[in-house]
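One letter stands for each residue in the lines below.
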Amino acid sequence: MYDLAILGGRVVDPENGIDQVANVYLSQGRIAAVESAPPQPAGSVVDATGCLVTPGLVDCHCHIYQYGTQFGCGADATYLPMGTTCAIDAGSAGLDTFRGLQTRCLVPAEMRAFALVNVAPGGMPTERLPENLDPRFWNAADLKALVAEFAPWVRGLMIRLSRRIVGALGLA
């Protein structure tokens, strides 16, 4: 018997070439079977008729530094109910604020949570107090050390390129 059965939903899984109405069965938190045969017994059942059933989605541009920036939201509360199981914070924290993002948001998240480190030392605090875009205040050596120290959570650096935001420093 399976732990969980998700029955009758449209299963869309591009990696495995599946796009059909089917039943998904889980055991010990992992997908054990996907089949269109009649339902099998399970400890819990979810009727997914009329719903899409997909692998976890990825949001590659979000702000999950809740209480650390005006733009931040709680990763698990915001994204998990929508089927997003992996999120990448897009530069909310910089060199001076990344430890807060990592300890308060990335580590405790149930979902997979990662970040781009903003090259501006303070990250993106508020709309009224935007990040410091002056390259004279960026410290490449310290950024490199931070990226190495927090490698399991860092997926890259974030830098503004829009002339509308950074003026003459912008590329587009």
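These remarks concern the structure in this document. None of these values were measured; they are calculated from a predicted model. (Residues numbered from 1 in each chain as written. Predicted model: local features only at pLDDT ≥ 70, side-chain atom pairs only at ≥ 80, totals over all residues. Heavy atoms only, no water.)

Turning our attention to the nonpolar core. Judged by nonpolar contacts, the single largest core of 23 residues is most densely connected at I64, F98, L101 and L106. Among the elements that line this core, the one with the most residues is helix α2 (residues 98–106), at four residues. Ignoring sequence-local partners within four residues, the contact set of L106 consists of I64, F98, L101, A113, F114, A115 and W153. With seven residues, the next largest nonpolar core counts I6, V11, A48 and V53 among its residues. (Core = buried A, V, L, I, M, F, W, Y, C linked by side-chain atoms within 4.5 Å. Buried < 20%, exposed > 50% of the residue type's maximum accessible area, 1.4 Å probe, protein only. Helix = DSSP H or I, 4+ residues; strand = E, 2+ residues; numbered from the N terminus. Contact = heavy atoms within 4.5 Å.)

Looking now at the packing of aromatic side chains. Using the criterion set out here, one finds three aromatic pairs in the structure. With centroids separated by 4.7 Å and ring planes inclined at 25 degrees, the aromatic side chains of Y2 and Y25 adopt a geometry described as stacked. Here Y25 lies in strand β2 (residues 18–27) and Y2 lies in strand β1 (residues 2–13), a separation of 23 residues in the sequence. Neither residue differs from the other here; Y2 and Y25 are each classed as buried. Considering the side-chain rings of F150 and W153, the 6.5 Å spacing of their centres and the 55 degrees angle between planes classify their relative orientation as tilted. Classification of F150 by relative accessible area gives buried; the value is 6%. Taken together, the ring pairs in this structure connect F98, F150 and W153 into an aromatic cluster. Above the face of the F114 ring, R155 is positioned so that its terminal group lies 3.9 Å from the ring centre. (Phe/Tyr/Trp six-rings, centres within 6.5 Å; stacked < 30°, edge-to-face > 60°. Lys NZ or Arg CZ within 6 Å of the ring centre and 35° of its normal.)

By the definition in use, this model includes four salt bridges. The shortest N-O distance in the salt bridge between E149 and R99 comes to 3.0 Å. Of this pair, E149 sits in helix α3 (residues 140–149) while R99 is found in helix α2, placing the two residues 50 residues apart along the sequence. Between R136 and D134 there is a salt bridge whose closest N-O contact spans 2.3 Å. (Salt bridge = Lys/Arg side-chain N within 4 Å of Asp/Glu carboxyl O.)

To continue, consider unusual backbone geometry. Although it is not a glycine, Q28 adopts a positive phi angle of roughly 50 degrees. Position of Q28 relative to the elements: it lies in the loop between β2 and β3 (30–35). Of note in the backbone geometry, Y67 takes a positive phi value of approximately 70 degrees without being a glycine. With respect to the helices and strands, the residue Y67 is situated in the loop between β6 (57–62) and α1 (75–79).

Such coordinate-based values are descriptive only and should not be taken to indicate function.
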